[in-house]
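Listed here are the chains, written in short residue letters.
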Amino acid sequence: RYDVVIVGAGHGGAQAAIALRQAKFEGSIAVIGDEPELPYERPPLSKEYFSGEKAFERILIRPAAFWEERKVEMLLGRRVVSVDAEAHSVTTADGATIGYGQLIWATGGSPRRLACAGNDLAGVHTVRTRADADRMLGELDGVSQAVVIGGGYIGLEAAAVLAKFGKKVVLLEALDRVLARVAGEDLSRFYEAEHRAHGVDVRLEAAVECIEGEGRVSGVRMASGEVIPAQMVIVGIGIVPAVEPLIAAGAEGGNGVAVDHQCRTSLPDIFAIGDCALHANGFADGLPIRLESVQNANDQATLVARTIMGQDLAYDAVPWFWSTQYDLRLQTVGLSTGHDATVTRGDPASRSFSVIYLKEGRVIALDCVNATKDYVQGRKLVVERLSIDAAKLADAATPLKELAA
Ligand code: FAD
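Computed from a predicted structure; not experimentally measured. (Residues numbered from 1 in each chain as written. Predicted model: local features only at pLDDT ≥ 70, side-chain atom pairs only at ≥ 80, totals over all residues.)

Q: For this particular structure, what's the right way to read the packing of helix α1 (residues 11-22) against helix α7 (residues 294-308)?
A: How two helices pack is summed up by the angle between their axes together with the distance between the axes. With their axes 8 Å apart at the nearest point, α1 and α7 run at an angle of 35° to one another. Once α1 is placed against α7, the crossing between them reads as right-handed. In this structure, α1 contributes H11, G12, Q15, A16, A19 and L20 to the contact, and α7 contributes V294, A297, N298, Q300, A301, T302, V304, A305 and I308. The residue makeup of the contact of α1 with α7, split by class, is nine nonpolar, six polar and no charged. (Axes fitted to C-alpha atoms, helices over the stretch in contact; angles between N-to-C directions. Helix = DSSP H or I, 4+ residues; strand = E, 2+ residues; numbered from the N terminus. Left-handed = near helix turned anticlockwise from the far one by under 90°. Contact = placed C-beta atoms within 7 Å. Nonpolar A, V, L, I, M, F, W, Y, C, P; charged D, E, K, R; others polar.)

Right, here's the structure in full:
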């Protein structure tokens, strides 16, 4: 039995253990993770790790010695299959039962798979783990044409790396613009144009019929009958939160596990954090959402560690996120969903600009492309939901910090 058991050795799980020790928690801690590796950063899997710019050692969240010194027991390569909330124990796939005082569920999610025929052919990939990225890297030499399905951040980032490698890339997006779920139209159109300028064939409102091939993928058949030849297909169409054992144990939820302002689930002594935690978010008008970002996983982990240490806090962190594609660094703050107006600050043609999202005259989010100053200074506008004249926001000569003062 451990005082704290953390299920999931990813961003949230690692940070929960780090924050507990930082807060001088002296009890025993075990982290159970189904991947074989120590916790590592996931964002580089579609960026610097995939492109070969960063070796695996450089994306470890902490070196091995860190966990040993802080007496955090890493039980890796082990999957939790059930939870007994009454007995305060979890069972792993190898049949072991591990008791806990408090449980932190930080399991993230698994990539959604295509429902169509051929989705299991060799050469069809999703990107969530180091093993996924290594499988793709191992096949790259034999690939001249690739199809990326899904125009979200992961799909776009993977397409950018493949294009950099000189592959012929077709990107298929089912909706009428890329990044439709997370950004406004101006940003979508900017990224579509950038990808096209880098040789990526971006196709919108694309309807995939099936994946073709004998054992290995050879192409993607569209509803129109056209077959796009490909030796590799990367599918980036979102995740399914990994919460089955908790829901089976009686926790409330569905699309994620429901948590309160302290990340407590409906089961006693069980918290949930990160991608799998369905929480009421103040930056989404208090609606229940799941956030898939490193920031959210880290902040919820830190909150839970402090809650375990007896502090009385509520989750109210401002969401932020980044994405790198080609030489473009996008940094976002706030959530743009539900905006009713946008202001573009700076000229997209200069490849350094920001889109500011407003709702009822108040700033709710910023998407900053190669514009770190706006991102840093605009944060306050979002946190305080300031009401600022659109003409002033659009005037790139006036620093945002002056408007926030
Ligand atoms: P994870 O980090 O996924 O960790 C969950 C761990 O739990 C995994 O190791 C999983 O295998 C394990 N697990 C699941 N079920 C069980 C079980 N039953 N038993 C044991 N272990 C289990 N976010 C950003 O903010 N910026 C980015 O640029 C960005 N880029 C990304 C690029 C890619 C390719 C991916 C995949 C994600 C990216 N993200 C990015 C999202 C970010 O990585 C996630 O939001 C973050 O990892 C969430 O942390 P988590 O702890 O909830 O889940």
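Q: Help me understand unusual backbone geometry, please; the structure alone is not making it clear to me.
A: When glycine is set aside, most residues are seen to have a negative phi, and most peptide bonds are trans. Positive phi, close to 65°, is recorded for C263, a residue that is not glycine. The exposure class of C263 is buried, given the 28 C-beta atoms found within 10 Å. Phi at R385 takes a positive value of approximately 45°, unusual for a residue other than glycine. By secondary structure assignment, the location of R385 is in the loop between α8 (372-383) and α9 (390-394). Taking the number of C-beta atoms within 10 Å as the measure of exposure, R385 has 16 and is therefore partly exposed. (Buried ≥ 20, exposed ≤ 12 C-beta atoms within 10 Å, placed from the backbone.)

Q: How do you make sense of the sheet that holds strand β25 (residues 353-359) when you look at a structure like this?
A: The strands that make up a sheet pair up through hydrogen bonds in the backbone, lying either parallel or antiparallel. With antiparallel pairing, the five strands of this open sheet are ordered in space as β22-β23-β26-β25-β24. For this open sheet the edge positions go to β22 (320-325) and β24 (341-345), each flanked by a neighbour on one side alone. The mean angle between the axes of side-by-side strands here comes to 15°, regardless of whether they run parallel or antiparallel. With seven bridges connecting them, β25 and strand β26 (residues 362-369) associate as antiparallel partners. Bridging from a neighbouring strand, L358 pairs with V363 of β26. Set on the sheet, α8 makes contact with β23 (328-334), β24, β25 and β26; between it and β26 the angle comes to about 165°. (Pairing = 2+ DSSP bridges.)

Q: For this particular structure, what's the right way to read the UniProt feature "domain: FAD/NAD(P)-binding" (unreviewed entry) in the protein?
A: Residues given the UniProt feature "domain: FAD/NAD(P)-binding" (unreviewed entry) here are residues 2-301. End-to-end, the C-alpha atoms of residues 2-301 are 18 Å apart, and along that stretch the chain is 22% helix and 31% strand. (UniProt positions renumbered as here; feature names shortened; annotations may be inferred.)

Q: Just to check I follow, could you spell out the site of the ligand for this structure?
A: By nearness alone, 35 residues border the ligand, and G8, G10, G12, G108 and G274 come closest of all. Broken down by secondary-structure element, the contributors of at least two residues to the shell around the ligand are α1, β2 (29-33), α7 and β22. Along the lines of polarity and charge, the residues of the shell around the ligand split into 15 nonpolar, 13 polar and seven charged. (Near = placed C-beta within 6 Å.)

Q: Is there a simple way to think about α8 in this case?
A: Every α-helical turn comprises 3.6 residues, leaving residues that sit three or four positions apart pointing alike. The first and last C-alpha atoms of α8 sit 17 Å apart over 12 residues, in line with the 16 Å expected at 1.5 Å per residue. Looking one or two residues past α8, R385 carries a phi angle of roughly 45°, positive in sign. (Expected span 1.5 Å × (residues − 1).)

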